[in-house]
Amino acid sequence: EGLRQLEVQVGATRSEWSGAQGETFVVSDGAAVLSERRLPGLVLDLARATRGDGTQGDWMFLTSGDSLQIVLSADQPTVGGTATYQGWGRFPDESEVPWRDVTVRWTETRAFDKARRDVPARWTLQAEGNEMTGNLEMRTAHIEAGEGAGPLLPVEALFEVAGTLRMGRAAYPLRGLVRHVQR
């Protein structure tokens, strides 16, 4: 059908956060425009530096409609199915909440034979003091095996997820993206 033009239009900033490693996360209104079809939504502009050895942890961008946005980021790769993330949330009343220690655990994995590894399929989230808890489940995935000499190959994945977040008595349905890397 010939060339298609993809454009991302970035609008007004909703929230902006900076992490301990100098990373920045900006959530803005925006739209994807494919050919002449415009799909409004949210845009996450993420800037992260890599360490000298190239390691980084996973990140998550989760939303509940257009009123709740959450960004979670790990400084280190997940080991043994558990990692500590830092996070930020913007809630329907436009208040913003930072979380220093969010424990993210894989509660179910699936085999990814091309890399001879398991990848996460379900996660639980728990902020220190149980002020925030949640669960996520993989809906769709794009997973690639990297190259390597060992029996286990590197993995890079982008998961579409859905789940629930609880803050006190409030529960929010979530949808979002999880960026996952194994080295």
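Please refer to the structure higher up on the page.
One structure accompanies this document, and this report is about it. Since we're looking at a predicted model, the values are computed, not measured.

Before going further, it helps to spend a moment on the environment of Gly-89. Secondary-structure assignment places Gly-89 in strand β6 (residues 82–90). For Gly-89, a relative accessible area of 0% translates into the label buried. Taking the C-alpha atoms as reference points, Gly-89 and Ala-12, 77 residues apart in sequence, are found 17 Å from one another.

Residue Glu-94 is not a glycine yet carries a positive backbone phi of 70°. Positionally, Glu-94 belongs in the loop between β6 and β7 (96–112). With phi around 55°, Arg-116 is a residue other than glycine that occupies positive phi space. Take Arg-116: it is sitting in the loop between β7 and β8 (117–127).

Applying the stated criterion across every chain, the model contains 8 salt bridges. For Arg-139, the salt bridge goes to Glu-137, with nearest N and O atoms at 3.6 Å. Between Glu-156 and Arg-179 there is a salt bridge; the shortest N-O distance is 2.9 Å. With Glu-156 in strand β10 (residues 155–167) and Arg-179 in strand β11 (residues 170–182), the pair connects residues that are 23 residues apart, well separated along the chain. On the basis of relative accessible area, Arg-179 is assigned to the partly exposed category, the value being 24%. Members of the salt-bridge network, linked through shared partners, are Glu-108, Arg-122, Glu-137 and Arg-139.

Cut-offs used in this document
Residues numbered from 1 in each chain as written. Predicted model: local features only at pLDDT ≥ 70, side-chain atom pairs only at ≥ 80, totals over all residues. Heavy atoms only, no water. Helix = DSSP H or I, 4+ residues; strand = E, 2+ residues; numbered from the N terminus. Buried < 20%, exposed > 50% of the residue type's maximum accessible area, 1.4 Å probe, protein only. Salt bridge = Lys/Arg side-chain N within 4 Å of Asp/Glu carboxyl O.

Such coordinate-based values are descriptive only and should not be taken to indicate function.
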